[in-house]
Each structure stands twice: as C-alpha cells, then as structure tokens.
Amino acid sequence: MQHRLFAKLAAQLGRQQASLEWKWMNDAIASDTSKNSLQDIVRRRCLGEPLQYILGTQPFGPLNLLVRPPVLIPRPETEHWVIKLSEAIRPTAQSPFSLLDIGTGSGCIPLLLCHLWPQGSVHTHGVDISPHAIRLANDNALLAGIPPPSDGDYLKRRNTFGTTPANFLAPTFPEEAMQIKPPFHIITSNPPYIPWKEFLELPRSVSEYEDPKALFGGPSGLEFYEAIARFVGRKDMMTSDGVVALEVGRGQAKAVEELIRTTGRVHHTEIWTDPWGIERTVIGRM
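Parameters and conventions
- Residues numbered from 1 in each chain as written.
- Predicted model: local features only at pLDDT ≥ 70, side-chain atom pairs only at ≥ 80, totals over all residues.
- Heavy atoms only, no water.
- Helix = DSSP H or I, 4+ residues; strand = E, 2+ residues; numbered from the N terminus.
- Rg over C-alpha atoms; globule rule 2.2 N^0.38 Å.
- Buried < 20%, exposed > 50% of the residue type's maximum accessible area, 1.4 Å probe, protein only.
- Contact = heavy atoms within 4.5 Å.
- Phe/Tyr/Trp six-rings, centres within 6.5 Å; stacked < 30°, edge-to-face > 60°.
- Pairing = 2+ DSSP bridges.
- Core = buried A, V, L, I, M, F, W, Y, C linked by side-chain atoms within 4.5 Å.
- Disulfide = S-S within 2.5 Å.
- Polar contact = N/O pair within 3.5 Å; in protein donor to acceptor, adjacent residues only side chain to side chain.
- Salt bridge = Lys/Arg side-chain N within 4 Å of Asp/Glu carboxyl O.
- Axes fitted to C-alpha atoms, helices over the stretch in contact; angles between N-to-C directions.

A. Region of the structure containing the overall build of the chain. Counting its secondary structure elements, the chain contains 13 helices and 9 strands. For the chain, the C-alpha radius of gyration of 20 Å lies close to 19 Å, the compact-globule estimate for 286 residues. Structurally, the chain occupies a C-alpha span of about 65 × 45 × 30 Å along its principal axes. Looking at the chain as a whole, 52% of its 286 residues are labelled buried. Across the chain, contacts joining residues at least 24 apart in sequence account for 67% of those joining residues at least 6 apart.

So, in structure tokens, the structure goes:
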C-alpha cells in the first residue's frame, strides 16, 4: 500500500519532491499532529492542495506555525531573511523597539522576531486587510506564547504582538496607523509582489488555494512598495534611526531600493540574497 501511494505521489511531484513530502507526511502521522490518514493526505496532495494546508502547520525557524487557507503559507526564503535581520539588529529591554509588519498574514515575521529577540526588547504590530489573516496571526501568537500589547508592567517585560485590520493602500491608512502609536523603529513587510503576467502563470497549488490579495502586487508588482515608500517618507511614522526590511520578488530589488531611497529619509540601503542566490530582501536605514 505505501509503495503504491509513494509511486502515485512521485508521478505527480517528481521523485525528489515526493521524497521530501513523504517524510513530512509520515512524521506528522507518527507525531499525531495530522488527523488525516496517509492515503487521504496523498490523495489531496495529488489534487494540488498544498501539504501545509493539509497538515495545518508550517515550521518557521524554531516556531511551528498554524496555516489555514487562504492565508499565505510562510516560505523558507522569508524565514532566512528574518533570522538574518534578528542577528543584524539587537534591541534591548532597556531600549525596546516598536515594529510594524505590513501585510502580516500568518504573523510569521513579527512572531519569529519576538521569539528570537530578548524579552521586553520589542513590541510588534501586524496589519492586514484579510480577516482570515488577522485571526490566524492572533492564533499563532497565542500558540507561540506571545501576548497582546498592554500597559501592564508585566507585559512591559515581555515581547508583544497585536493586530489591526486595515487596508494599507487606502489613503486613510496613515491616520489609522496613528492609533498604533508611531514612530516605529522597524517596518517589515512581505507584501504582494507578483506582477500580472507572472500571476497568470502561477502553479495551481498557489493560485487555487492562497489568497490572490496576498500575491498580486498590481500590473508591475510594485504597487505595495510605492505605498510603503510614501509611508516611510512621512516624518511622523519612523524614528530617525529606523530600519525598513522588505521582501521582494525576483528582479525587483533594484527598483524597490530606488523607491525607498527617493523618500529622502532612507540614506543607506543593501540587498540580501536568499539561500538560492536570488536578491530577496531590501534593507533601508535612516
């Protein structure tokens, strides 16, 4: 039975990918984290459903995050630059940072930073237009043991994570952001960045399951970065020593770097590559 199931999976995914996912499936069943039989998991995977949605979780650094459709599944390239950011910047409890994550999705970016940085050193906030994303991010914060913000002395000694439903592209967003209490020391984002032509060519496992609003970045793919640049350009939104960390799509790094430089507030930029050598993250420093 198992041989036939693996052969079916390999015929659909290729032997190398099937071998990776086969181990993941069996580990989930052995640890009782999956409520599905191996046969059902293989059947659904062969129909194109992402394995993370079938199993309901995705490792992200030391965290094991909940994933639910249609919220974007955290990717390893995102994990890579977030860990690198946690090593490049070291906030302390004596001088805690405020972080805004734009398009927070599952909450993966701020929650991993909350986990990696010293307790009491960062207070994070995620905004997203999707109510599904807001619910999932809050569920992941609860799972990771990261409390919501509060004025209590106890929580001042803890890293925190809060959420706000908001449309970042709306003209009213800067006024809404004032309720989150800027200025922010760090702005992070893995925004929608897929241009229209590439969006039409996405594999079914992405286009039919993950939220298009979390993928499509306008005709050029740069719509959200243009809005982020306008936001960063406001003097009331970021500290004078602030840092912007933006994930970008293939071939977009130079254009995004130029966008944030044109704000006149970002004076130093660098581009980080992902483990596959692709320019993946634009870092801007005030």
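Next, the rest of the story.
B. Main features of the packing of aromatic side chains. For the structure on display, the rule yields 3 aromatic pairs. For the ring pair F168 and F173, a centre distance of 4.8 Å and an interplane angle of 70 degrees mean the geometry is edge-to-face. Between the aromatic rings of F173 and F231, the centroid separation amounts to 5.5 Å while the plane-to-plane angle is 50 degrees, which identifies the pairing as tilted. Here F173 is found in helix α9 (residues 173-177), whereas its partner F231 is found in helix α12 (residues 223-232), with 58 residues between them in sequence. For F173, a relative accessible area of 1% corresponds to the buried category. An aromatic cluster is present here, built from F168, F173 and F231 joined pairwise through their rings.

C. Fine view of the pairing of strand β8 (residues 268-273). Pairing geometry for β8 and strand β9 (residues 279-285), over 6 bridges, is antiparallel. Bridge pairing in β9 places T273 opposite E279. Two successive antiparallel strands, β8 and β9, enclose a turn made up of 5 residues, where G277 displays a positive phi of approximately 80 degrees.

D. Structural view of the nonpolar core. If you look at the biggest cluster of nonpolar residues, it comprises 34 residues, and the most contacted ones within it are L100, F168, I187, Y225, F231 and V232. At the level of elements, β3 (97-102), α9, β6 (184-189), α12, β7 (238-247) and α13 (253-261) are the ones that each hand at least two residues to this core. In terms of residue count, α12 provides more of this core than any other element does, 7 residues in total. Membership of the second largest hydrophobic core comes to 25 residues, among which are V82, V243, A245 and W272.

E. Examining the environment of M286 more closely. The residue M286 is located in the segment after β9 in this model. The class for M286 is buried, based on a relative accessible area of 15%. Spatially, the C-alpha atom of M286 lies 56 Å from that of Q2, the residues being 284 residues apart in sequence. Every residue in contact with M286, bar those within four places of it in the chain, is listed here: V232, M238, T239, S240, D241, G242, R265, V266, H267 and H268.

F. Layout of the state of the cysteines. By the definition in use, this model includes 0 disulfides. The structure places no disulfide on C114, whose sulfur is separated from the nearest cysteine sulfur, that of C108, by 12 Å.

G. How the structure looks around the side chain of S121. Relative to the helices and strands, S121 resides in the loop between α6 (108-116) and β4 (122-128). A polar atom in the side chain of S121 sits 2.5 Å from the backbone oxygen of P118. In this structure, S121 is in contact with P91, T92, A93, P96, F97 and N159, ignoring residues within four places of it in sequence.

H. Broad picture of the pattern of salt bridges. What the rule picks out here adds up to 10 salt bridges. With a closest N to O distance of 3.2 Å, D274 and R280 form a salt bridge. Each of the two residues, D274 as well as R280, counts as buried. Through salt bridges with shared partners, a single network forms among D40, R43, R44 and E49.

I. Broad picture of the sheet that holds strand β5 (residues 160-165). The strand order β5-β4-β3-β6-β7-β9-β8 describes an open sheet built from 7 strands, whose pairing is mixed. Two strands in the sheet have a free side with no partner beyond their single neighbour: β5 and β8. Strand-to-strand, the axes of this sheet are offset by a mean angle of 15 degrees, without reference to chain direction. In terms of strand pairing, β6 meets β7 through 5 bridges, oriented parallel.

J. Representation of the side chain of R280 in the model. Inspection of the secondary structure puts R280 in strand β9. Judged by relative accessible area, R280 falls into the buried class, the value being 8%. A polar side-chain atom of R280 sits 3.3 Å from a polar atom in the side chain of Y193. Polar side-chain contacts of R280 include one of 3.2 Å to the side chain of D274.

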